[in-house]
Amino acid sequence: MRLEIREFRIPIILTLLMLGMISYWSWQTWHDLDDRGIGRAEHEAFRTSDILLSTLDALDRAGCLEIDKTGDLFRPVLEASSYRFLLLIKDNRRILEVGSVPADIPSSFKDGASFQGSTLFFSRRVTLPHTLSGKGHRNSDYINSSGSSGILNGDYLMVLGSHARQVRKPSPKFFDHMIVPFIAVLLIIAANAAAWIMVLRNRSLFDQLEMERTRSAHLEDLGLAAAGLAHETKNPLGIISGIAQQVAKDPMVPEKSRAMLETIIDEIDKSVSRLGLFMTFARKREISASPVKAQPLIESIAVILEPELETAGVSLKIECPDVTITADEEMFRQILVNLVLNSITASSGGEITIRLKSDGTGGYVEVEDQGCGISKEMLPRIFKPYVTGSPDGHGLGLSIVKRFAEDHGWSVSAESEPGHGTVIKISGISFSDTAGDER
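The residue numbering used here restarts from 1 in each chain and proceeds along that chain's sequence as written. Only residues with pLDDT of 70 or above have their local features reported here, since the model is predicted, and side-chain atom pairs are shown and tallied only from 80 upward, although totals for entire chains, interfaces and linings are computed over all residues. Each side-chain value is derived from all of the structure's non-hydrogen atoms; neither hydrogens nor water enter the calculation.

### Examining the overall build of the protein
Counted only if it meets this: Numbered from the N terminus, helices here are DSSP runs of H or I no shorter than four residues, and strands are runs of E no shorter than two. Residue exposure (1.4 Å probe, protein chains only): buried if accessible area is under 20% of the type maximum, exposed if over 50%, otherwise partly exposed. Here a residue-residue contact requires only that any non-hydrogen atoms of the pair lie within 4.5 Å. Each accessible area is a Shrake-Rupley estimate made with a 1.4 Å probe; only the visible protein chains count as cover when residues are assessed.
Along its length, the protein carries nine helices and twelve strands. When the 439 residues of the protein are sorted by exposure, 37% land in the buried category. Counted over contacts in the protein with a minimum sequence separation of 6, partners at least 24 positions apart contribute 70%. Surface summary for the protein: the accessible area is close to 26000 Å², and the carbon and sulfur share equals 55%.

This is the structure in structure tokens:
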């Protein structure tokens, strides 16, 4: 029975909700990573800019601060931090550049940290020392009170820049706090979904089993009724056949009527035979497995079927070691009789072989003939009831073989090539502990 999607509505909805929650948690955690990265970047930027300003102030107070050497003073401080360039801006003019400044930086900056493309910018208003003096300074707008060229004291915009990857790079603790819970939640979701699916599948299998039990009981009742009907039908047919035989023996009966009576008797015999096969097929038998000597049993079958073999002009070859198998003797005999009779019907001369061998895990029996074979279209259906390739066949022989074999726990397979013969194989046969040495 196929499970419908509506039976999984609750587990699917719960699983989707949990996936949505873990996705939102992951997104929120990753978003918090940016916030924490920006916080760390701002803290480092304040620390770096404070170091730069303190350095300028100390050199200015010592009277040895020169603008030409300002970049050289700032560079070691930048290299020790995660920032790669520095700008000093006043009135939208770049007064000083240190490091590798990108060409596509914005024209204006807002205070604090912000992302612009793949770069993090940190800007801060700072007050420079009284005088940055230098030789040969070309910017005449910046002349200090003593008349020397340099950068006037006052407020400036200091901009520090760093690659965004440096800021967003998660710390090892981040993976410890996120990846492990994330995997644990995914495993819980998977286990929850699997548990729900197993519960629903078990429930479905239980419903299916109940339906099969009901169907099996119904079929068993039908089988018993059909077997009873067949049994009761055989009795009047036997009476009719007996009367027809007595009438046929009367010398006063015309020859034409005697021929018609013989036809009636033949048809009754065919009907009785079919009813017998049907009763065998419909009747549920209990397996009575016991140790069975295989070789004597197969040889007895050859004796029983000797007239049919001679009539068809077929020889029977037996390849069976002295072994003992575990089987219901009567059912095993019926299996082999049906298979050999089928081979006789399909053969017009040639040879039929019965062989019993070991395949390492158990034994198997093969019945091989050199008859007309079975077409590829019919081969998959030959074990179904009433499927036959012979006009006079009943279509129950192989069905009985399959049922008896499966009742033993064996498996049946067939290989055939039209015009070259057929091989029926029964696998899974167990050897008894009392088996002979040759297997």
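From this point on, the discussion continues.
### A closer look at the packing of aromatic side chains
As a reminder, the rule being used: Two rings from Phe, Tyr or Trp (for Trp, the six-membered ring) form a pair when their centres are within 6.5 Å of each other. A pair whose planes differ by under 30 degrees is stacked, one over 60 is edge-to-face, and the rest are tilted.
Inspection of every chain in the model, using the stated rule, returns four aromatic pairs. An angle of 70° between the planes, with centres 6.0 Å apart, marks the rings of Phe-85 and Phe-121 as edge-to-face. Of this pair, Phe-85 sits in strand β1 (residues 85–90) while Phe-121 sits in strand β4 (residues 119–133), placing them 36 residues apart in sequence. Exposure class is identical for Phe-85 and Phe-121. Each is buried. Seen in terms of ring centroids, Phe-109 and Phe-121 are 5.3 Å apart; in terms of plane orientation they differ by 55°. Their pairing is tilted. With Phe-109 in the loop between β2 (93–99) and β3 (112–116) and Phe-121 in strand β4, this residue pair connects regions lying twelve residues apart in the sequence. Exposure class is identical for Phe-109 and Phe-121. Each is buried. Three or more aromatic residues link up through ring pairs in this structure, and these residues are Phe-85, Phe-109 and Phe-121.

### Description of helix α6 (residues 294–304)
Under the convention used in this document: Taking the helix axis as origin, the arc is that swept by the directions to the C-beta atoms.
Along α6, the positions that sit buried rather than exposed are Ala-294, Leu-297, Ile-298 and Ile-301. The buried residues of α6 occupy an angular sector of 95° when the element is viewed end-on, so they sit on one face. Here the buried face of α6 lies against β6 (290–293), β7 (315–319), α8 (329–346) and β9 (351–358).

### Quick word on the side chain of Ser-427
Of note, Ser-427 is situated in strand β12 (residues 421–429). By relative accessible area, Ser-427 is classed as buried at 17%. Those residues in contact with Ser-427 that lie beyond four places of it in its chain are Gly-363, Tyr-364, Trp-410 and Ser-411.

### Regarding the pattern of salt bridges
Pairing is possible between side chains of opposite charge, provided their charged atoms come close. Applicable threshold: The salt bridge definition used is simple: a Lys or Arg side-chain nitrogen within 4 Å of an Asp or Glu carboxyl oxygen.
Evaluated as defined, the whole model comprises eleven salt bridges. Ionic pairing is found between Arg-124 and Asp-50, a salt bridge with its closest N-O pair at 2.8 Å. Taken together, the residues span a long stretch of sequence, with Arg-124 in strand β4 and Asp-50 in helix α1 (residues 9–62) at a distance of 74 residues. Asp-50 sits in the partly exposed class, given a relative accessible area of 35%. The structure contains a network of salt bridges with shared partners spanning Lys-317, Glu-319, Arg-355, Glu-366 and Glu-368.

### Overview of the sheet that holds β12
In a beta sheet, neighbouring strands are held together by backbone hydrogen bonds and run either parallel or antiparallel to one another. Filter applied, for reference: A pair of strands counts as paired when DSSP detects no fewer than two bridges linking them. Axis definition: a line fit to C-alpha positions, over the contact stretch in the case of helices; interaxial angles, taken between N-to-C directions, run 0 to 180 degrees.
Read from one edge of the open sheet, five strands run β7-β9-β10-β12-β11, paired in mixed fashion. Where the open sheet ends on each side, the last strands, each with one partner, are β7 and β11 (411–417). Taking the axes of each pair of neighbouring strands and ignoring which way they run, one obtains an average angle of 15° across the sheet. When β9 meets strand β10 (residues 363–368), the two strands line up antiparallel, connected through six bridges. Bridging across to β10, Lys-357 finds its partner in Tyr-364.

### Considerations on a nonpolar patch on the surface
Stated formally: Residues forming no salt bridge and having over 30% relative accessible area are the ones grouped into patches, like charges within 9 Å of each other and nonpolar side chains (Val, Leu, Ile, Met, Phe, Trp, Tyr) within 5 Å.
There is a patch of nonpolar side chains on the surface, built from Ile-13, Leu-14 and Leu-17 and spanning about 260 Å² of accessible area. Looking at where Leu-17 falls in the secondary structure, it is placed in helix α1. Judged by its relative accessible area of 51%, Leu-17 falls in the exposed class.

### Topic: the packing of α6 against α8
Condition: Here the word oblique covers every angle except those under 35 degrees (roughly parallel), over 145 (roughly antiparallel) and from 65 to 115 (roughly perpendicular). For any pair of crossing helices, the crossing counts as left-handed if the nearer helix is rotated counterclockwise from the farther one by less than a right angle, and right-handed if it is rotated clockwise. Side-chain classes are defined by residue name, with Ala, Val, Leu, Ile, Met, Phe, Trp, Tyr, Cys and Pro counting as nonpolar, Asp, Glu, Lys and Arg as charged, and the others, Gly among them, as polar.
With their axes 10 Å apart at the nearest point, α6 and α8 run at an angle of 45° to one another. Considering the angle they form, α6 stands oblique to α8. Crossing geometry of α6 relative to α8 is assigned as right-handed. Within the contact between the two elements, α6 uses Leu-297, Ile-298, Ser-300 and Ile-301 and α8 uses Glu-329, Phe-332, Arg-333, Leu-336 and Val-337. Class assignment of the residues belonging to the contact of α6 with α8 gives a composition of six nonpolar, one polar and two charged.

### Quick look at the packing of α8 against helix α9 (residues 397–407)
Close contact between α8 and α9 brings their axes to 9 Å; oriented N to C, the two are set at 150°. When the axis of α8 is compared with that of α9, the two are roughly antiparallel. Judged by the sense of rotation from one axis to the other, the crossing of α8 with α9 is left-handed. Across from Met-331, Gln-334, Ile-335, Asn-338, Leu-339 and Asn-342 in α8, the residues of α9 making contact are Gly-397, Leu-398, Ile-400, Val-401, Phe-404, Ala-405 and Asp-407.

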